[in-house]
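A closer look at the structure
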Amino acid sequence: MQKSKLTLYIFIALILGVIAGYIYNATVINNINTKINAAEVNIKTLDEQITTSADTTTATFKALKKERAAQAIIRKASDTAREDKLVGFTVLSDIFLRLIKMIVAPLVFTTLVVGVAKVGDISAVGRIGGKTLLWFLSATLVSLLLGMLLVNFFKPGEAMHLPLPDSHLSTGIQKTALSLRDFIGHVFPKSFTEAMANNEILQIVIFSLFFGVATAAIGEKGLIVIKAMDAIAHVILKITGYVMQLAPLAVFGAITAIIAKQGLGILSTYAIFIGEFYFSLIVLWVVIILAGSVVLKGRAFKLVARIKDAMLIAFGTSTSEAAYPKVLLELERFGCNNKIVSFVLPLGYSFNLDGSMMYMTFASLFLAQSYNIHLSFEQQLSMLLILMLTSKGIAGVPRASLVVIAGTISMFNIPEAGLALLIGIDPLLDMGRSATNVLGNAMATAVVSKWEGELGNAQQEEIQ
C-alpha cells in the first residue's frame, strides 16, 4: 500500500468510525446506557439515605443496603452487556495492537544492539544518551508548564459547573506513589525473556545496551552477531509493512467502539474541557515544531509530513506504541542514522511522552478547579515537579496518565473520586495525547541525529 493511500484510508476509517459509532450507539447501546445511568442515579440516592441513617440495625437500613447491592449488580451486568455488544469492533483494534506488540520488543532489541555495536565506543553512547536526556527533560518541563499555564488561563473546572462525584466513590484506578524501589524494578530487568514477554521497553533497552557494547568489545567475533541482528531487524520491518495494511481497519474499530460506547452526547457535556485541551495540544505541537526548527531548520516541517501516518495511527488507536515501527521506518527514510534512531526512540517511549505530560497538569488542576480548591503558584509548581518524577518509566502501565494523577492529587487534598469526571472522556483525550507523543519522540530523534552530525538526506518514498 502506497504511503499516500495509507493516509487516505486511515482518514476515511476515522470518518466512517464516527458515523458507525453514532448509529450503533443510537440503535443498540443507548438502551443499555439508559439502564446504567438509571442504576447509577439509584445507587447515589441510596448512598445518601444510607449515610444519613443513624441506626444501622433497623430493617430499613438493611433494606437500603440490599437494594443498593441489587442496583450494583444491575450496573455491572449492564456494563458487561455493553462491552459484549462492542466486542465485534474492539476485536479489530485488538488484533492490530497485538501484532504491533509482537513486533515492538524484538524490533527495539535488534535495532538497538546493532546501533550500539556500530557506535562501538561506550563514551559515544554516553554522549548521545546525555544529549537525548537533555532534550527529554526540557520537553517534559515545557509540556508540564504549558499545561499548567493554559489550564489556569482557561479555568475549565470553574466554567463547566459539573456535578461532583461523592468523595467516597471508588474509581477503580490504582494510585502510584514515588517509589525508588518500584522505579528501579521497572528499569532493570531480572529476566530478559520476561522483559520481552511483558514488552517492558526500558528493561529491553538496558539489556540491549549491555549486549551491544559487549558485541562491539569482542571485535571481529561480534561482526556475525551484528549482521544477524541487522538481518532480523530488516525482516521485522518487512513484517511491519504487512501489519500496517490492517491499520485502517484497526482505526475504524477503535473509533467506532469509543463513539458507540459513550455517544456524541458526551462531546456536548464536556465540550469546553475537550476543546480547550485539544487547543492546548495544538499549542504544544507548535512549540515542539518550532523548537525542532531551531536545529533542523525547514526540515522540521518535512518530518511532520513524513510521520503523519504514524500520528493518525496513534490517534485512531489511542496508543503511541502502535505507531512505533512506522515512526522508526520514517525516521530512517528522513535521513536519521539507524544507530541514533534505535537508541533515542525506545527511550522516548518511556521518558518523553509530551502529550501525556501536558494532560497530567491540565487534568490535575482541572479537578482542583472543579472542587473549588485554590492552589498557590508554589503548590502548583510542586505538583509539576512531582508529576515529572512519578511519570517516568510507567509507559507500559494501563491508563498510565490517570494512575499518576490519582497518586498525585491526593497529596494536595483533591478527592480521588474526581477522576470519575475524566474516566468517561479519557479515551477521547488519549487519542490526542498519543499523537502528540509520536510527534515529540520523532522530533527528539531527528534533533539528536542533527546534533551528532548523523542526519543525512531523505530517501525516496518506497512502496510498502
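This write-up is about the structure you can find in this document.

Let's shift gears to the overall build of the protein chain. Secondary structure summary: the protein chain contains 20 helices and zero strands in total. For the protein chain, the C-alpha radius of gyration of 24 Å lies close to 23 Å, the compact-globule estimate for 464 residues. Taken along the three principal axes of its C-alpha coordinates, the protein chain extends 85 × 50 × 45 Å. Burial statistics for the protein chain: of 464 residues in total, 50% are counted as buried. Residue pairs at least 24 apart in sequence account for 86% of intrachain contacts in the protein chain once pairs closer than 6 positions are excluded. Surface exposure of the protein chain reaches about 20,900 Å², of which carbon and sulfur atoms provide 65%. Charge separation in the protein chain, taken as the distance between the mean sites of 37 positive and 31 negative side-chain charges, equals 4 Å.

A full pass over the atoms with the stated rule returns 13 salt bridges. Where Glu40 meets Arg75, a salt bridge forms, and the shortest distance between an N and an O atom there is 2.9 Å. Of this pair, Glu40 sits in helix H1 (residues 3-52) while Arg75 sits in helix H2 (residues 59-119), and the two are 35 residues apart along the sequence. Using a relative accessible area of 22% as the deciding quantity, one classes Arg75 as partly exposed. Salt bridges linked by common partners bring Glu40, Arg75, Asp79 and Arg82 together as one network.

Bringing the side chain of Ser293 into the picture now. Looking at the secondary structure, you find Ser293 in helix H11 (residues 271-296). Looking at Ser293, the relative accessible area reads 15%, which means it is buried. Within the structure, the side chain of Ser293 is placed 2.7 Å from the backbone oxygen of Ile289, a separation counted as a polar contact. Every residue in contact with Ser293, bar those within four places of it in the chain, is listed here: Ala300 and Phe301.

At a minimum axis distance of 10 Å, the contact between H11 and helix H20 (residues 426-451) shows a crossing angle of 5 degrees. Between H11 and H20, the angle is such that the two are roughly parallel. Within the contact of H11 with H20, the residues separate by chemical class into 20 nonpolar, four polar and two charged.

So, about the side chain of Gln71. Considering the arrangement of structural elements, one finds Gln71 in helix H2. In this view, Gln71 contacts Ala39, Asn42, Ile43 and Leu46; residues no more than four positions away in its chain are not counted.

The subject of this paragraph is the packing of aromatic side chains. Inspection of every chain in the model, using the stated rule, returns 16 aromatic pairs. With centroids separated by 5.6 Å and ring planes inclined at 70 degrees, the aromatic side chains of Phe109 and Phe211 adopt a geometry described as edge-to-face. With Phe109 in helix H2 and Phe211 in helix H7 (residues 201-217), the pair connects residues that are 102 residues apart, well separated along the chain. The interplanar angle of 25 degrees and the centroid separation of 4.2 Å between the aromatic rings of Phe192 and Phe207 together place this pair among those described as stacked. You can see Phe192 sitting in helix H6 (residues 192-197) and its partner Phe207 sitting in helix H7, a full 15 residues away along the chain. Look at Phe207 and you get partly exposed, because its relative accessible area is 29%. Among the aromatic residues, ring-to-ring pairing joins Phe273, Phe277, Tyr278, Tyr359, Phe362 and Phe366 into one connected group. Just above the ring of Phe334 sits the side chain of Arg299; from NZ or CZ to the centre is 4.4 Å.

Running from N to C, helix H12 (residues 299-306) and H20 point in directions that differ by 135 degrees, and their axes come no closer than 11 Å. Taken together, the axes of H12 and H20 are oblique relative to one another. The hand of the H12/H20 crossing is right-handed. Together, Ala300, Leu303 and Val304 of H12 and Leu439, Ala442, Met443 and Ala446 of H20 make up the contact between the two elements. Taken together, the residues of the contact of H12 with H20 sort by class into seven nonpolar, no polar and no charged.

Looking now at the environment of Leu146. Of note, Leu146 is situated in helix H3 (residues 122-154). Residues Leu146 and Val287 lie 141 residues apart in sequence; the distance between their C-alpha atoms is 9.7 Å. Apart from residues lying up to four places away in sequence, Leu146 is in contact with Val283, Leu284, Val287 and Met358.

Unusually for a residue other than glycine, Lys297 sits at a positive phi of about 60 degrees. Structurally, Lys297 can be placed in the loop between H11 and H12. A positive phi angle, close to 55 degrees, is found at Asn372, a residue other than glycine. Within the secondary structure, Asn372 sits in the loop between helix H16 (354-370) and helix H17 (377-390). Note on Asn372: relative accessible area 67%, which makes it exposed.

Within the secondary structure layout, Glu83 lies in helix H2. Residue Glu83 is classed as partly exposed on the basis of its relative accessible area of 31%. Sequence separation of Glu83 and Ile386 is 303 residues, and the distance between their C-alpha atoms is 35 Å.

Take the nonpolar core next. With 125 residues, the main nonpolar core has Phe96, Phe273, Val327, Tyr359, Leu367, Leu422 and Met443 as its most contacted residues. When residues in this core are grouped by element, the largest group, 14 residues, is from H2. Excluding anything up to four places from it in sequence, Leu367 contacts Ile405, Ile409, Ile414, Gly418, Leu419, Leu421 and Leu422. With six residues, the next largest nonpolar core counts Tyr24, Ile29, Ala257 and Ala260 among its residues.

Helix length check: H20 (26 residues) gives 37 Å between terminal C-alpha atoms against 38 Å at 1.5 Å per residue, within 8%. With 22 of 26 residues buried, H20 is to be regarded as a mostly interior element. Just downstream of H20, Gly453 is the residue with a positive phi angle, here 70 degrees.

What counts and what doesn't
Residues numbered from 1 in each chain as written. Predicted model: local features only at pLDDT ≥ 70, side-chain atom pairs only at ≥ 80, totals over all residues. Heavy atoms only, no water. Helix = DSSP H or I, 4+ residues; strand = E, 2+ residues; numbered from the N terminus. Rg over C-alpha atoms; globule rule 2.2 N^0.38 Å. Buried < 20%, exposed > 50% of the residue type's maximum accessible area, 1.4 Å probe, protein only. Contact = heavy atoms within 4.5 Å. Areas by Shrake-Rupley, 256 points an atom, 1.4 Å probe, with all protein chains shown as cover. Lys, Arg positive; Asp, Glu negative; His and termini not counted. Charge placed at Lys NZ, Arg CZ, Asp CG, Glu CD. Salt bridge = Lys/Arg side-chain N within 4 Å of Asp/Glu carboxyl O. Polar contact = N/O pair within 3.5 Å; in protein donor to acceptor, adjacent residues only side chain to side chain. Axes fitted to C-alpha atoms, helices over the stretch in contact; angles between N-to-C directions. Parallel < 35°, antiparallel > 145°, perpendicular 65-115°, else oblique. Nonpolar A, V, L, I, M, F, W, Y, C, P; charged D, E, K, R; others polar. Phe/Tyr/Trp six-rings, centres within 6.5 Å; stacked < 30°, edge-to-face > 60°. Lys NZ or Arg CZ within 6 Å of the ring centre and 35° of its normal. Left-handed = near helix turned anticlockwise from the far one by under 90°. Core = buried A, V, L, I, M, F, W, Y, C linked by side-chain atoms within 4.5 Å. Expected span 1.5 Å × (residues − 1).

Taken by themselves, the reported measurements are silent on function.
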